Amino acid sequence: MTIRIGVLTGGGDCPGLNSAIKWVTKTALDPLLAAKRHEVFEVIGIRDGWRGLVEVDPADPSSVARWTEQLTELKVRAWDRTGGTALGTSRVNPFNPKDDRSRRLLENIEALGIDALAAIGGEDTLTVAQRLHDLGVKVVGIPKTIDRDLTGTDYTLGYDSALNVITEEVDRLRTTAGSHSRIFVVETMGRHAGWLALEGGQAAGAYVILIPEWDFQMERVCELLMTRKNSGIRYSIVVVSEGAKIKGEDLVYLSEKEDGFGHKVLGGIARYVSKEIERRTGLESRYVVLSHLQRGGKPTACDRLMGRRFGIAAVDLILRGRFGRMVSYIKGELTSVPISQAIAKLQTVDVARYYDTERYNGPRSSLLADNKIT
Ligand code: F6P
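Residues numbered from 1 in each chain as written. Predicted model: local features only at pLDDT ≥ 70, side-chain atom pairs only at ≥ 80, totals over all residues. Heavy atoms only, no water.

With that settled, the discussion passes to the site of the ligand. For the ligand, the full set of nearby residues is R91, I146, D147, M189, G190, R191, E242, H292 and R295. Computed on the free molecule, the ligand has an accessible area of 400 Å², of which 82% lies beneath the protein chains in the complex. The pocket occupied by the ligand, as judged from atoms lying within 2 Å of grid points, is the largest pocket. Across the shell around the ligand, the residue classes tally to two nonpolar, two polar and five charged. (Near = heavy atom within 4 Å. Areas by Shrake-Rupley, 256 points an atom, 1.4 Å probe, with all protein chains shown as cover. 1 Å grid on protein atoms, 1.4 Å probe; cavity = no way out; pocket = protein on both sides within 12 Å on 5 of 7 lines; lining within 4 Å. Sits in = over half its atoms within 2 Å of the grid points. Nonpolar A, V, L, I, M, F, W, Y, C, P; charged D, E, K, R; others polar.)

Here's what the structure looks like:
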């Protein structure tokens, strides 16, 4: 019996996706493994995420060729070294109440003969996967987002590569900041989760880190910067998450337009903070929005490896018939959790544990709080 696996990537692209696609494909098609199984697999790549499955006309061969692609071991051989997604992605939501195309989605999955789907994505993509699972489609998930905000997994593809971009870019800014004795405010992505800003900021040695989970006060930011300036240090780096906000004020959006999942594009807080710093302290300040640079470039070793592990584990789930589950990585072990659990709520920064609300930075004790020292 031939089992046809459809694989797709949805939502924001990032490094590590191609590694996951490669390893779903290689594991499913592996001749040594195939000899031990009763089933034979075929892997079909779907272009542009859920959009491909909605737009494709299964009766028209040119449309099928436009929206799908038969994946072979040879084709995906070197994919793990490249960033982005070779299958393309989109933020199309087939269950969007304003334009519900879920019926067509279901019909197309059936008409294309897809027996099982591997959906690689974050909260939005996996929410669609869960809806499909509820409707009887055999689907498994692979966690991906530079925001690292899915519940039920300690790792999501793309996160490490994004952290490395933040660290490298701040290193670059550091020399010019020092030469000019300036403050640099660096805006990171992350939406409503502060992980990228918090861990990227710490790795990069930022003096002040502002995260969505803790509304900050400009007076305190300026106080911290002035104390540092007065101690003789020429410059400071402030890292601010795009989803951070000043206490009592609103989030700053780049655009009011909503995507199919109801998200507006965040952005602009670094500019605001930078201007306020100059106005309040007289210190010269510039800002940089790292934006999509954080999702660009080659995957780090960690993302290649995790893509590999997640891709293999996703095929294991399919082989075991464990549908409606997402592969995950918890406390150093590969495992899986129900997709419904992963999307139930965002995994945001636990401030009491990971954030110093006085310093606006990472904590200076890690073992004391939990009586971890015996
Ligand atoms: O969810 C990943 C992410 O990069 C967020 O951090 C960011 O807010 C958003 O996607 C940006 O989306 P887009 O690429 O559609 O502008």
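Now, onward.
What follows concerns the sheet that holds strand 8 (residues 236-241). One open sheet accounts for four strands, arranged 7-8-6-11; its pairing is parallel. A single partner strand is all that each edge strand has here, and the edge strands are strand 7 (208-210) and strand 11 (285-289). Neighbour-to-neighbour, the strand axes of the sheet open up by a mean angle of 15 degrees, direction not taken into account. As judged from the three bridges shared by strand 7 and strand 8, these two strands associate in the parallel manner. (Pairing = 2+ DSSP bridges. Helix = DSSP H or I, 4+ residues; strand = E, 2+ residues; numbered from the N terminus. Axes fitted to C-alpha atoms, helices over the stretch in contact; angles between N-to-C directions.)

Attention now goes to the packing of helix 1 (residues 17-29) against helix 12 (residues 301-320). Closest axis-to-axis distance for the helix 1/helix 12 pair is 7 Å, and the angle between their directions is 40 degrees. Classified by the angle between their axes, helix 1 and helix 12 sit oblique to one another. When you trace helix 1 past helix 12, the crossing you get is right-handed. Together, S19, A20, W23, V24, T27 and A28 of helix 1 and D303, R304, G307, R308, G311, I312, A314 and V315 of helix 12 make up the contact between the two elements. (Parallel < 35°, antiparallel > 145°, perpendicular 65-115°, else oblique. Left-handed = near helix turned anticlockwise from the far one by under 90°. Contact = heavy atoms within 4.5 Å.)

The buried fraction of strand 5 (residues 139-143) amounts to five of the five residues, a majority that puts the element mostly inside the structure. On strand 5, burial covers both faces: V139, G141 and P143 on one face and V140 and I142 on the other are all buried. Judged from the five bridges that link them, strand 4 (residues 116-121) and strand 5 form a sheet pairing that is parallel. Residue G121 lies in a different strand from strand 5, and its bridge partner there is P143. For the segment spanning strand 4, helix 7 (residues 123-134) and strand 5, crossover handedness is right-handed. As defined by bridge partners, strand 5 adjoins strand 12 (residues 325-330) across two bridges and the pair is classed as parallel. Looking across to strand 12, one finds that G141 is bridged to M326. (Buried < 20%, exposed > 50% of the residue type's maximum accessible area, 1.4 Å probe, protein only. Right-handed = clockwise from strand over helix to strand, strands pointing away.)

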